[in-house]
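Here are the chains, one letter per residue:
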Amino acid sequence: MKGTFPIEKFSHLSTPFYYYDTQLLRDTLFEINKEAGRHNFHVHYAVKANANNRILSIIRENGLGADCVSGGEIKAALKAGFPADKIVFAGVGKADWEINLGFDAGIFCFNVESVPELDVINELSAAKNMVAPIALRVNPNIDAHTHHYITTGLNENKFGISLSHLDQVLDHLSELKNIRLLGLHFHIGSQITDMDAFKSLCIRINEIQEHLYQRMLIVDIINVGGGLGVDYENPDRNSIPDFHHYFETFYKHLKLRPKQKLHFELGRAVVCQSGSLITKVLYVKEGVNKKFVIVDAGMTDLIRPALYQAYHKIENITSDKIEEEYDVVGPICESSDCFGKIVSLNQTQRGDIIALRSAGAYGEIMASQYNCRSLPKAYYSDDL
Ligand SMILES: *Cc1c(COP(=O)(O)O)cnc(C)c1O
């Protein structure tokens, strides 16, 4: 089964470009709101997955907050109309100007990852006579069983404060006058499809909460990060991730204290299936043992296959001839500029249009101008 695209409309547009199914994005947001709403959970969208203004605006219209990891993302979120009190700011290396930008905008919370960062935030907020709301990012030492580049919750990772340091950090924090501890923050990795990883996270958080309780400490907010995966193999059958099962896992296993709020930071699961990279076939080249389809998009437009050997479903949306096997490659001067090896495509020729599916997350936002290429454009189903 192939996705449905407005192919006649595409023929007027110059390739490559991102195509966003804005109705699917709205349907996805509807599901998120329905399933999170059942339990009164709050969802922030992780802007790093896709910071396209049009996409951000649709997400904001549907009531999600924004999870930012840089000053630039805070600006993008504000520009798209997210209210400052729904913006959180995370990241291991926040520069002073970025922290000050967060203060001046009046954002909801800083997710803090180290003691030196705590000290700097305290100092900068003292200089402004403020008390900065913060959440401590704790590294729960949970293996998310995902690709090692996108596993973040293990002790060996650079992210968060390790459990063994938590008491020391809390002692230190109690001496900082210009900081208020609002919550605890966790994030164990990305593209997680096994709910057991989230269940393990819940159990670990319960233990940590028990421990804090002995210190007479109850935080207002537990933030469990993001990481829910999508089905890259079957983007049409599973166009909307199983949010029901996901939120239910936390509802079942996480013990919240009275009045404590649960926050999520979903990126990929919100936007991934709504986006495709659309590219045109330049040449079909006969190699010694195989055929290459050379397309006009490259790793500069979609870097995930080159960076993580990530799989994207590839479809020839203009051919219904019998299928043949091809390697699908881009024009960039790097051997890793390959979108897929031994891909079954309907027999392909110059001028055909190829869709790389599930490219709405970590696609357009990671584009570069290597080889002096232009950044890919974007079109939306609403407009075509
Ligand atoms: C990347 C990231 C997210 C979003 O991850 P997804 O896998 O896209 O849902 C959420 N929180 C933090 C802290 C992150 O670094």
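The name given to the protein chain in an unreviewed UniProt entry is Diaminopimelate decarboxylase, with Coprobacter secundus subsp. similis as the source organism. UniProt's Sequence similarities (unreviewed entry) comment on the protein chain is quoted here verbatim: "Belongs to the Orn/Lys/Arg decarboxylase class-II family. LysA subfamily." Listed in UniProt under the heading Pathway (unreviewed entry), the comment for the protein chain reads: "Amino-acid biosynthesis; L-lysine biosynthesis via DAP pathway; L-lysine from DL-2,6-diaminopimelate: step 1/1."

S.K.: Go over the domain arrangement of the protein chain, please, and point to the residues and values.
M.R.: According to the domain assignment, the protein chain contains domain 1 (7-16 + 273-380) and domain 2 (22-271). The partner domain 2 presents 24 residues to the 21 residues of domain 1 that form the contact. Buried surface at the junction of domain 1 and domain 2, both sides included, amounts to about 2,000 Å², of which 52% is carbon and sulfur. A per-residue breakdown of the area domain 1 buries against domain 2 is headed by Gln-273, Tyr-362 and Tyr-380, which together make up 37% of the total. Between the two partners, domain 1 and domain 2, sit 1 salt bridge. A salt bridge links Asp-236 to Arg-357; its shortest N-O distance comes to 3.0 Å. Scanning the region where domain 1 abuts domain 2 turns up 11 residue pairs in polar contact (both at pLDDT 80 or more). Broken down by secondary-structure element, the contributors of at least two residues to the side of domain 1 that touches domain 2 are helix H11 (304-308) and strand S17 (377-380). It is H11 that provides the largest number of residues to the side of domain 1 that touches domain 2, a total of 3 residues. Of the residues belonging to the side of domain 1 that touches domain 2, the class tally is 8 nonpolar, 8 polar and 5 charged.

S.K.: Which residues make up unusual backbone geometry, and what values go with them?
M.R.: Look at the link from Thr-15 to Pro-16: it is a cis peptide, with omega at -5°. Residue position: Pro-16 is located in the loop between helix H1 (7-10) and strand S1 (17-20). Positive phi, normally seen in glycine, also occurs at Met-216, with a value near 60°. Mapped onto the elements, Met-216 comes out in the loop between helix H8 (195-214) and strand S9 (221-223). Exposure remark for Met-216: the relative accessible area of 76% places this residue in the exposed category. Located in the positive-phi region is Asn-371, a residue other than glycine, with phi close to 65°. Mapping Asn-371 onto the fold places it in the loop between strand S16 (353-356) and S17. On the basis of relative accessibility, which here comes to 35%, the residue Asn-371 falls in the partly exposed class.

S.K.: Tell me about the UniProt feature "modified residue: N6-(pyridoxal phosphate)lysine" (unreviewed entry) in the protein chain, residues and numbers included.
M.R.: UniProt records the feature "modified residue: N6-(pyridoxal phosphate)lysine" (unreviewed entry) for Lys-48 in the present numbering. Examined against the element boundaries, Lys-48 turns out to sit in the loop between strand S2 (42-46) and helix H3 (53-61). The exposure class of Lys-48 is partly exposed, given its relative accessible area of 35%. Apart from residues lying up to four places away in sequence, Lys-48 is in contact with Val-69, Glu-73, Tyr-362 and Ile-365.

S.K.: Lay out the site of the ligand in plain terms, naming residues and giving numbers.
M.R.: For the ligand, the set of nearby residues contains 14 residues, the closest of which are Lys-48, Ser-190, Glu-265, Arg-268 and Tyr-362. In this structure, Lys-48 approaches the ligand through a side-chain N or O atom, which is 2.8 Å from an oxygen atom. In this structure, Ser-190 approaches the ligand through a side-chain N or O atom, which is 2.3 Å from an oxygen atom. In the shell around the ligand, the residues fall into 3 nonpolar, 6 polar and 5 charged.

S.K.: How would you sum up the nonpolar core? Please name residues and give values.
M.R.: One finds Ile-59, Ile-134, Leu-136, Phe-247 and Phe-250 to be the most contacted residues of the largest nonpolar core, which totals 97 residues. No other element matches the 8 residues that H8 contributes to this core. Taken domain by domain, this core gets at least three of its residues from each of domain 1 (7-16 + 273-380) and domain 2 (22-271). When sequence neighbours within four positions are dropped, the list of residues in contact with Leu-136 reads Val-112, Leu-118, Ile-161, Leu-166, Val-169, Leu-170, Leu-173, Leu-181, Gly-183, Leu-184 and His-185. Within the second largest apolar cluster, 9 residues are counted, among which are Phe-5, Phe-10, Phe-17 and Tyr-19.

S.K.: Please give an account of the UniProt feature "active site" (unreviewed entry) in the protein chain that cites residues and values.
M.R.: In this structure's numbering, the residues bearing the UniProt feature "active site" (unreviewed entry) are Cys-333. Among the secondary structure elements, Cys-333 is positioned in the loop between strand S14 (323-329) and strand S15 (338-346). Every residue in contact with Cys-333, bar those within four places of it in the chain, is listed here: Tyr-370 and Asn-371.

S.K.: Can you tell me about the packing of helix H6 (residues 115-127) against helix H7 (residues 166-173), naming the residues and giving the values?
M.R.: At their nearest, the axes of H6 and H7 sit 11 Å apart, and the two run at 15° to each other. With respect to each other, H6 and H7 are oriented roughly parallel. Like other packed secondary-structure pairs, H6 and H7 cross with a definite hand, here right-handed. Across from Val-115, Leu-118 and Asp-119 in H6, the residues of H7 making contact are Val-169, His-172 and Leu-173. Of the residues in the contact of H6 with H7, the class split is 4 nonpolar, 1 polar and 1 charged.

Parameters at a glance
Residues numbered from 1 in each chain as written. Predicted model: local features only at pLDDT ≥ 70, side-chain atom pairs only at ≥ 80, totals over all residues. Heavy atoms only, no water. UniProt positions renumbered as here; feature names shortened; annotations may be inferred. Domains from an automatic or database assignment. Contact = heavy atoms within 4.5 Å. Buried area = accessible area lost by both parts, 1.4 Å probe. Salt bridge = Lys/Arg side-chain N within 4 Å of Asp/Glu carboxyl O. Polar contact = N/O pair within 3.5 Å; in protein donor to acceptor, adjacent residues only side chain to side chain. Helix = DSSP H or I, 4+ residues; strand = E, 2+ residues; numbered from the N terminus. Nonpolar A, V, L, I, M, F, W, Y, C, P; charged D, E, K, R; others polar. Buried < 20%, exposed > 50% of the residue type's maximum accessible area, 1.4 Å probe, protein only. Near = heavy atom within 4 Å. Core = buried A, V, L, I, M, F, W, Y, C linked by side-chain atoms within 4.5 Å. Axes fitted to C-alpha atoms, helices over the stretch in contact; angles between N-to-C directions. Parallel < 35°, antiparallel > 145°, perpendicular 65-115°, else oblique. Left-handed = near helix turned anticlockwise from the far one by under 90°.

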